[in-house]
Amino acid sequence: MRTFDIVIIGSGIAGGFLARQLRLARPDLGVLVLEAAGAMEDYKVGESTVEVAANYMVRRLNLGTYLYQHQLPKNGLRFFFDGPGKDLPLPRMSEIGSDHMPFHPSFQLERARLERDLVAMNRAAGAEVELGAKVVDLAIDGGGRHKVVYEQGGERREVACRWVCDASGRRHVLLRKLGVKVHKETRLNTAAAWGRYRGVAGLDAVTDAAWRSRARYTSRHLSTNHFMYDGYWIWFIPLAGDLMSVGVVFDKDRIGEGSAPAGALPGPRTRADFERFLGAHRAVRELLEGAELEDFQAYAHLPYHADRYFSTDRYAVTGEAGAFTDPFYSPGSDFIATANEFITQMILADVGGDRAGFEERVAAYDAYYRFKYDSTLRLYERMYPVFGSFELYRLKYLLDFNNYYNLVVWPFMADRVTDVGWIREELRFTDLVLRALSTMGDHFASLAADLRARGEYFAQNEGRFANGLNGVVQLETRLGPSIDERFRREQVDRAYGSVFAALVERRLAERGLSDRARLVSELKLPQVLTFRDITPDRLARLLDRIGERMTKELRAEFPDAGVERVDLGSGGEVSVTGPAEGTEVHAAVLSRARSLWDASAGSLAHVAL
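Everything in this summary refers to the structure shown in the same document. (Residues numbered from 1 in each chain as written. Predicted model: local features only at pLDDT ≥ 70, side-chain atom pairs only at ≥ 80, totals over all residues. Heavy atoms only, no water.)

### Focus on the sheet that holds strand β15 (residues 243–251)
Applicable threshold: At least two bridges found by DSSP between two strands is the condition for calling them paired. Helix and strand assignments follow DSSP, with helices taken as H or I runs no shorter than four residues and strands as E runs no shorter than two, numbered in order from the N terminus.
An order of β16-β12-β15-β14-β13-β4-β5-β20 is seen for the eight strands of this open sheet, with the pairing classed as mixed. Every other strand in the sheet has two partners, leaving β16 (292–299) and β20 (465–466) as the edge strands with one partner each. The pairing of strand β12 (residues 190–198) with β16 spans seven bridges and is classified as antiparallel. In the sheet register, Gly195 faces β16, and the bridge partner there is Phe296.

So this is what it looks like as structure tokens:
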């Protein structure tokens, strides 16, 4: 019987990346990859990557040259918003997207080619990769060697190993064998349908001069392009060569079976449904004119999670073998990067004889991975009703993008994500983070319902452009190997304060509130979480508190003026009581009070690049 240090089940990007990482980290480790497919030809969903996965591929896997030579660079995320009739031409749709390539790279992956190339790379690096090798049985022995049985070419074969890592995707080979529960997620009820088109001219073929110039002629084609609607979104992702991945992800509770609002499109389940669904949207239909649909696939339900991901019995799962949330924001490859980093560190500690370090890593990593799933899921949980409004989603994206760069990308780039001490500290704030995500999700969903009732949900969906980098430009020179924890905390408060102030302004129709420094500074994350509802009474109490602070400052600045009270009213009104009206003293104090109240917060909701 052949013996290996690690057997990896599956040679998709999760298993292929893990094999490469292990061979780069410890070339003496014996790695066997067992792939059920006889050839790597499956065009799987999951072509778009974001910054964590890109950093992992370039920095950890040393794939930068390969990616730029054989795959496509990505021009960030881009979002388009339609009218209620789904009939706006593309140049008239409101848009969120950058006007230049983002400052940290990401890529669009033609998966079949990448996975074929990984097989060749891993074999060249000394890993054994067996294609057409279907795992049919395995036995985990926490005190000895595991056994893995597979069939290949009609023969049954068995190998022994110290570690088993499952990268088999939704087959969940390892967890099913062990009886570890994989739960169908009920908090988010989404499904997807997708295919690859050949002959799509692409967004850069649109010749409207004003539309092209507003993005400074940067390539929209290279972006992950999202067409945003109430309850669903449609993606356009370019692949190397003449292929375009096009898909729909939809909330079954909004456009699905029975519970959909009147007039809503049914979610596509078949190839014919898919083509009809896409054809009901003018901009999408025009982009696909003359293109040929080469293949079609669908998932009836997207999110799920497992009870356990890593074990001191020396097994682990990565990628979709363990959990999946939603394809929006393309987090799947980020989960792979995180899991593979964890698995590599656990294996290195184990084979290095550090039993205590190994055990504490398993405990910390498993807890953090479960938290990562839960926090990502809550990011999406109330989001689908918000998608169709440019006005709402612009604010949601500001918050999400800032938090992603600050709280996810930065620690990964600084190698904190595998630091057990750092993880333990992060896990102390689990409840706060989850509560923040749920609270903001509730506020966004409530405002979406309110705008629908007012007939204003689509009010800004035509002719507007927001630079998608607005919320993270201040992080451009910060991200790297050194973490500035104070700056990170300040950015969290600034992001939540900026966005929440804008929500309050819109919900209560209080124009001019959202960029006032005095208001935004009172809305740090802990204060935001005290707002269960956005009401006039709650705002009045907040303005009273700000007025009290300003009163103390003015008393100190004008000690002889007899300042008694500063009152802040709706519409930016400011009044001062104490000094006699009509006197120079009153005028001076009132002028100062107004300048304090009118001072700009530099709100992220108002930043323009």
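### Some thoughts on the pattern of salt bridges
Selection rule: By definition here, a salt bridge exists when the distance from a side-chain nitrogen of Lys or Arg to a carboxyl oxygen of Asp or Glu is within 4 Å. The cut-offs for exposure are 20% and 50% of the maximum accessible area for each residue type, with area from a 1.4 Å probe on protein chains only; residues under the lower value are buried, those over the upper are exposed, and the others partly exposed.
Scanning all chains against the criterion turns up 50 salt bridges. A salt bridge links Glu115 to Arg111, with the nearest nitrogen and oxygen atoms 2.9 Å apart. Pair noted here: Glu115 and Arg111 are both in helix α4 (residues 111–124), with a separation of four residues, about one helical turn. Residues Glu115 and Arg111 agree in their burial class; the two are buried. Glu485 is paired through a salt bridge with Arg416; the nearest N and O atoms lie 3.7 Å apart. Separated by 69 residues along the polypeptide, Glu485 in helix α15 (residues 485–508) and Arg416 in the loop between α12 (390–413) and α13 (420–427) bring together distant segments of the chain. Judged by relative accessible area, which is 27%, Glu485 ranks as partly exposed. Judged by relative accessible area, Arg416 falls into the partly exposed class, the value being 25%. Look at the salt bridges and you will find they share partners, linking Glu391, Asp450, Arg454, Glu456, Arg506 and Arg507 into a network.

### Observations regarding the nonpolar core
The line we're drawing: By nonpolar core is meant a set of buried Ala, Val, Leu, Ile, Met, Phe, Trp, Tyr and Cys residues that side-chain atoms within 4.5 Å join together.
Counting 124 residues, the largest nonpolar core has Ile8, Phe17, Phe79, Phe310, Phe328, Tyr329 and Tyr393 as its most contacted members. A total of eleven residues in this core trace back to one element, the largest contributor, which is helix α11 (residues 355–381). Counting 50 residues, the second-largest nonpolar core is a separate cluster that includes Phe500, Leu525, Leu539 and Met550.

### Looking at α13
Structural remark: α-helix, 3.6 residues per turn; residues separated by three or four positions point the same way. Our working definition: The arc in question is the one spanned by the directions pointing from the helix axis to the C-beta atoms. Whether two residues are in contact is decided by their heavy atoms, any of which lying within 4.5 Å being enough. Here a polar contact is recorded for every N or O atom pair within 3.5 Å, except that within protein the pair must consist of a potential hydrogen donor and a potential acceptor, and residues adjacent in sequence are included only if both atoms are side-chain atoms.
Within α13, the full set of buried residues consists of Val420, Trp422 and Ile423. Along the long axis of α13, the arc covered by the buried residues comes to 160 degrees, so they all point the same way. Elements that come into contact with the buried residues of α13 comprise α10 (332–351), α11, α12 and α15. The N-cap residue of α13 is Asp419: its side-chain oxygen and the backbone nitrogen of Gly421 are 2.9 Å apart.

### Observations regarding the packing of aromatic side chains
The line we're drawing: Only the six-membered ring of Trp is used, alongside the rings of Phe and Tyr, when aromatic pairs are assigned; centres must lie within 6.5 Å, and planes under 30 degrees apart are stacked while those over 60 apart are edge-to-face, with the rest tilted. When the NZ atom of lysine or the CZ atom of arginine is within 6 Å of a ring's centre and also within 35 degrees of its normal, the charge is said to sit over that ring.
Summed over all chains, the structure comprises 41 aromatic pairs. Measuring from ring centre to ring centre gives 4.8 Å for Phe401 and Tyr405, while their planes differ by 75 degrees; the resulting arrangement is edge-to-face. You can see Phe401 and its partner Tyr405 sitting in helix α12, four residues apart, about one turn around the helix. Judged by its relative accessible area of 0%, Tyr405 is buried. One Lys or Arg, Lys372, reaches over the ring of Phe335 and ends 5.0 Å from the middle of that ring.

### Re unusual backbone geometry
Although it is not a glycine, Lys86 sits at a positive phi angle of roughly 55 degrees. For Lys86, the location among the structural elements is in the loop between β4 (77–81) and β5 (94–96). Not every positive phi belongs to a glycine, and Tyr217 is a case in point at roughly 60 degrees. Within the secondary structure layout, Tyr217 lies in the loop between α6 (209–214) and β13 (224–229).

### Quick look at the pairing of β15
Among the nine residues of β15, nine are classified as buried, and the element is accordingly described as predominantly covered. With burial as the criterion, each face of β15 is covered, one bearing Leu243, Ser245, Gly247, Val249 and Asp251 and the other bearing Met244, Val246, Val248 and Phe250. Pairing between β12 and β15: nine bridges, direction antiparallel. Along β15, the bridge assignment pairs Ala193 with Val248. Note that strand β14 (residues 232–239) and β15 share eight bridges and pair antiparallel. Note on β15: the bridge partner recorded for Phe236 is Val246. Counting the residues that bridge the hairpin from β14 to β15 gives three residues, and of these Gly241 lies at a positive phi of roughly 90 degrees.

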